Amino acid sequence: VFVAYSTIRIAQRAAETLVSVEVHPSSHPAVIGMEVEPVHVCVARWMLNLAGLSGAAEVWPGKAHDSLLRVGDEFGVRSARLVFMDHRGTKFHEDLRRVEDKELLAIGALIIADNVLKPSAPVFCWTMHVSPAFEAVNWALGEFVQHHVEDWMVVAEFLR
């Protein structure tokens, strides 16, 4: 049920934004989703196709840690304007470090991380709030489908 949900929602907004500012679609997708499980990759691609968004988004197989190298290879430095992390929170700080080391973040890029409280991402949360490179806000939210369970989302802007 949740496979490709975030990718589809973000791709819808990206496609609407491109149309509203009269930008012609390029040969590159506006959104890249990443899935570890091969079956999830297939389902996500199928869902994007059903939503009519296969031109606006792609789903790549593999862990974000590894696939981030491909982002740099295909799109270059400072190409990421939005990074949405919605996997095991304990790895967020590692993925953030990789994104920074490869200089993938554009100035003003947004980093959004879900599931920061559970399973817990203290290093990521601390980094977002003490680093001069980011301006961050934590949001306490009800977990998706389990609104009575609190979780956190961090939204940060890359300043340099």
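I will try to describe carefully the structure that is included in this document. Each chain has its residues counted from 1, running along the sequence as written. With pLDDT at 70 or above as the cut-off, local features in this predicted model cover only qualifying residues; side-chain atom pairs require 80 or more to be listed or tallied, and sums for whole chains, interfaces and linings still use all residues. To get the side-chain values, all heavy atoms of the structure are used, and hydrogens and water are removed first.

All right, on to the nonpolar core then. Take the buried residues of types Ala, Val, Leu, Ile, Met, Phe, Trp, Tyr and Cys, join any two whose side-chain atoms come within 4.5 Å, and each joined set is a nonpolar core. Here's how the labels work: a residue is buried when its accessible area is under 20% of the maximum for its type, exposed when over 50%, partly exposed in between, all with a 1.4 Å probe on protein chains only. Grouped together as the largest cluster of nonpolar side chains are 25 residues, with contacts concentrated most on M85, L105, I111, F124, M128 and F134. Secondary-structure elements contributing two or more residues to this core are α3 (64-75), β3 (80-85), α4 (92-101), β4 (105-113), α6 (122-130), β5 (134-143) and β6 (146-158). Among the elements that make up this core, the one with the highest residue count is β4 (four residues). Dropping the residues within four chain positions of it, I111 is found in contact with V83, M85, L105, F124, F134, V154, V155, A156 and F158. In terms of nonpolar packing, the next biggest core, distinct from the first, is built from 13 residues, V3, A11, V41 and L53 among them. A run of H or I in DSSP counts as a helix once it spans at least four residues, and a run of E counts as a strand once it spans at least two, with each numbered from the N terminus. Any pair of residues with heavy atoms lying within 4.5 Å of one another is described as a contacting pair.

Grouping into patches uses exposed residues only, defined as over 30% relative accessible area, and leaves out salt-bridged ones; the cut-off is 9 Å for like charges and 5 Å for nonpolar side chains (Val, Leu, Ile, Met, Phe, Trp, Tyr). Each accessible area value is a Shrake-Rupley result obtained with a 1.4 Å probe; residue values ignore everything except the protein chains displayed when judging cover. Salt bridge, as applied in this entry: a Lys or Arg side-chain nitrogen positioned within 4 Å of an Asp or Glu carboxyl oxygen. A grouping of V39, V43, W46 and L50 is seen on the molecular surface, where their side chains present a nonpolar patch of about 420 Å² in accessible area. If you trace the backbone, V39 turns up in helix α2 (residues 38-50).

The subject of this paragraph is the side chain of T7. Within the secondary structure, T7 sits in helix α1 (residues 5-20). When sequence neighbours within four positions are dropped, the list of residues in contact with T7 reads V31, G33, L48 and A57.

Two strands are said to pair when DSSP picks up at least two bridges between them. Strand order in this open sheet of four strands is β3-β4-β6-β5, and the pairing throughout is mixed. The sheet terminates laterally at β3 and β5, the two strands that pair on one side only. Between one strand and the next, the sheet's axes are offset by a mean angle of 15°, whatever the strand orientation. For helices, the fitted line uses only the C-alpha atoms of the stretch in contact; every axis is such a line through C-alpha atoms, and the angle between N-to-C directions lies from 0 to 180 degrees. Its contacts with the sheet place α6 against β3, β4, β5 and β6, and it is angled at close to 140° to β5.

Here the aromatic set is Phe, Tyr and Trp, taking the six-membered ring for Trp, and pairing holds for ring centres within 6.5 Å; pairs whose planes are under 30 degrees apart are stacked, those over 60 apart are edge-to-face, and all others are tilted. A complete count under the given rule lists three aromatic pairs for this structure. Pairing W60 with F75 gives two aromatic rings, centres 6.2 Å apart and planes at 0°, and the pair type is stacked. Taken together, the residues W60 in strand β2 (residues 57-61) and F75 in helix α3 connect sequence positions 15 residues apart. With a relative accessible area of 1%, W60 lands in the buried category. Since its relative accessible area comes to 24%, F75 is described here as partly exposed. Ring centres of F134 and F158 lie 5.5 Å apart, and the angle between their planes is 55°; on these two criteria the pair is classed as tilted. Of this pair, F134 sits in strand β5 while F158 sits in strand β6, placing them 24 residues apart in sequence. For F134, a relative accessible area of 6% gives the class buried.

Take the environment of V137 next. Note that V137 resides in strand β5. Between the alpha carbons of V137 and A156 there is a distance of 6.3 Å; along the sequence they are 19 residues apart. In this view, V137 contacts H129, M153, V154 and V155; residues no more than four positions away in its chain are not counted.

It is worth spelling out the pattern of salt bridges at this point. Taken as a whole and assessed by the stated rule, the structure comprises three salt bridges. Put simply, R13 and E16 hold a salt bridge, and the shortest N to O gap is 3.6 Å. Of this pair, R13 and E16 both sit in helix α1, three residues apart, which is roughly one turn of the helix. Residue E16 is classed as partly exposed on the basis of its relative accessible area of 46%. Its salt-bridge partner being E74, residue R70 comes within 2.7 Å of it at the nearest N-O pair. Of this pair, R70 and E74 both sit in helix α3, four residues apart, roughly one helical turn. You can call R70 partly exposed: its relative accessible area is 34%.

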